[in-house]
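Now for the letters of each chain:
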Amino acid sequence: MSLPCAFEGRLRLPVVQAPMFLASGVQLVIENCKAGIIGTFPSLNQRTSEGFETWLIEIKKALHQWESVSGKKAAPFGVNLIVHKSNPRLQQDLALCIKHEVPLVITSLGAAAELVDRVHAYGGLVFHDVINARHGKKAAEAGVDGLIAVANGAGGHAGTTNPIPLIAEIREFFDKTVLLSGCISNGNEVAAAQLLGADLAYMGTRFLATTEANVVSEYKQMLLDSASKDIVYTPKISGVNASFMRQSIIDAGIDPNDLTPKEYLDFGAELDVDAAKPSGEKNAWLDIWSAGQGVGSIHNVQPCADLVAQLAKEYEQAMEAQYKHYKLHFAHA
């Protein structure tokens, strides 16, 4: 397994808080980095590139001040860029990542060698979302530093492959950092991700149920009320297969049993939640709420610091129990 040198000594837990559209804001990122995990957000969560730069400055300033006062090192932060022809802000937002030397850039919907080279030029890292080995090989050829295996059951734009074969197939050709995304809600599951061959766990849904997540209280309550059976995987809502909570689909006036796919994909329009919609039409992400199948393990809303502390305790106990079990039953067999 492989962990970037830039992460060594700066993580309390092998976890990346995934970039969640609309939900990941400045406070979520800052508090998670202070707590010892990598906090990330999509650049498009700010409605303009000017606003995006303001967030970068705010995050860097807050983490620098915290390090000065605490005497500790904060975990690195990251930004997610949509590498798709319909994202009109890609080049401008990439330039800002370079200007401010964002430690980690997470790319989705396209791996570009030119982008990787430009981030590497200032010492940054690039991780890329993949849902299968074929996409992983293309990203590896582009020179990325990490592959995020988005397995079956993940929130947002998820894949359909079970995590066991997905990680195994990626490890056959990729010896850099591998992250596992999908249904990870507690420290035991973080440990399980590493046992499968991942270096880091990639957690999104669990961090929606934090006080710092930028979603309405009704969204958080629906997370607490939902279980895996309540997650609907469909291309109907956003144009690409993604996971949404069934009740939010119903509340939007859509029949979850009749989800005809969209005929086009335009992320520029899809992610513009401020644009006018036809009368009565609801917005994906803003009105129709995403979550992964791990919602059944979420039972409370808490500050990021408390959640990370809880995850760390669960992780340590899981790793210790596994070691003791091995020593007791198998070490001398």
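Reading the values: the criteria
Residues numbered from 1 in each chain as written. Predicted model: local features only at pLDDT ≥ 70, side-chain atom pairs only at ≥ 80, totals over all residues. Heavy atoms only, no water. Helix = DSSP H or I, 4+ residues; strand = E, 2+ residues; numbered from the N terminus. Rg over C-alpha atoms; globule rule 2.2 N^0.38 Å. Buried < 20%, exposed > 50% of the residue type's maximum accessible area, 1.4 Å probe, protein only. Areas by Shrake-Rupley, 256 points an atom, 1.4 Å probe, with all protein chains shown as cover. Lys, Arg positive; Asp, Glu negative; His and termini not counted. Charge placed at Lys NZ, Arg CZ, Asp CG, Glu CD. Arc of directions from axis to C-beta. Phe/Tyr/Trp six-rings, centres within 6.5 Å; stacked < 30°, edge-to-face > 60°. Pairing = 2+ DSSP bridges. Axes fitted to C-alpha atoms, helices over the stretch in contact; angles between N-to-C directions. Disulfide = S-S within 2.5 Å. Core = buried A, V, L, I, M, F, W, Y, C linked by side-chain atoms within 4.5 Å. Contact = heavy atoms within 4.5 Å. Parallel < 35°, antiparallel > 145°, perpendicular 65-115°, else oblique. Left-handed = near helix turned anticlockwise from the far one by under 90°. Nonpolar A, V, L, I, M, F, W, Y, C, P; charged D, E, K, R; others polar.

S.K.: Could you give me a rundown of the overall build of the chain, with the residues and numbers involved?
M.R.: Scanning the chain for helices and strands turns up twelve helices and ten strands. For 333 residues, the compact-globule formula gives about 20 Å, and the C-alpha radius of gyration of the chain, at 19 Å, lands near that figure. Every one of the 333 residues in the chain was classed for burial, and the buried ones make up 53%. Counting every atom, the chain has about 14,900 Å² of accessible surface; 51% of that belongs to carbon and sulfur. Side-chain charges of the chain comprise 28 positive and 36 negative groups, with the mean position of each set lying 3 Å from the other.

S.K.: Let's hear about helix H3 (residues 90-99): which residues, and what values?
M.R.: Taken together, the buried positions of H3 are occupied by Leu90, Asp93, Leu94, Leu96 and Cys97. With its buried residues spanning 160 degrees around the axis, H3 presents them on a single face. Just downstream of H3, Glu101 is the residue with a positive phi angle, here 50 degrees.

S.K.: Go over unusual backbone geometry, please, and point to the residues and values.
M.R.: Even without glycine at this site, Leu22 takes up a positive phi of about 70 degrees. With respect to the helices and strands, the residue Leu22 is situated in the loop between strand E1 (15-17) and helix H1 (26-35). With a phi angle near 70 degrees, Cys183 is a residue other than glycine that sits in the positive phi range. Inspection of the secondary structure assignment puts Cys183 in the loop between strand E7 (177-181) and helix H7 (187-196). For Cys183, a relative accessible area of 30% corresponds to the partly exposed category.

S.K.: With reference to specific residues and values, describe the packing of aromatic side chains.
M.R.: Scanning the model with the defined rule gives five aromatic pairs in all. Each ring, one from Phe244 and one from Trp285, has its centre 4.9 Å from the other, and the planes form 45 degrees; the classification is tilted. Highlighted residues: Phe244 in strand E10 (residues 242-245) and Trp285 in the loop between helix H11 (267-270) and helix H12 (304-329), separated in sequence by 41 residues. Trp285 carries the same exposure label as Phe244, and that label is buried.

S.K.: So, the sheet that holds strand E5 (residues 125-130): which residues are in play, and what are the values?
M.R.: Taking strand neighbours around the barrel as the criterion, the eight strands line up as E1-E2-E3-E4-E5-E6-E7-E8 in a closed arrangement whose pairing is parallel. For this sheet, the mean inter-axis angle between neighbouring strands, taken without regard to orientation, is 25 degrees.

S.K.: Provide a residue-level description of the state of the cysteines, including the pertinent values.
M.R.: Tallied over the entire structure, the rule returns zero disulfides. Not engaged in a disulfide, the cysteine Cys5 finds its nearest cysteine sulfur in Cys33; these two sulfurs lie 19 Å apart. The exposed category is assigned to Cys5, whose relative accessible area is 66%. The cysteine Cys304 is free of any disulfide, with Cys33 supplying the nearest cysteine sulfur at 10 Å. Overall, the relative accessible area of 0% leaves Cys304 in the buried class.

S.K.: An account of the nonpolar core is needed here, citing residue identities and associated values.
M.R.: Residues Phe77, Val79, Leu115 and Phe207 are the most contacted members of the largest nonpolar core, which totals 73 residues. It is H12 that contributes the most residues to this core, seven residues altogether. Discounting chain neighbours no more than four positions away, the residues touching Val79 are Phe41, Ser43, Phe52, Leu56, Cys97, Val102, Leu104, Val105 and Ile106. Counting 15 residues, the second largest nonpolar core, distinct from the first, contains Ala18, Ile38, Phe127 and Ala158.

S.K.: I'd like a description of the packing of H1 against helix H2 (residues 49-70), backed by residues and values.
M.R.: As a packed pair, H1 and H2 sit with axes 10 Å apart at the nearest point and diverge in direction by 30 degrees. Considered as vectors, H1 and H2 are oriented roughly parallel to each other. When you trace H1 past H2, the crossing you get is right-handed. Of the residues in H2, those touching H1 at Val26, Gln27, Val29, Ile30, Cys33 and Lys34 are Trp55, Glu58, Ile59, Ala62, Leu63 and Trp66. Partitioned by chemical class, the residues of the contact of H1 with H2 number nine nonpolar, one polar and two charged.

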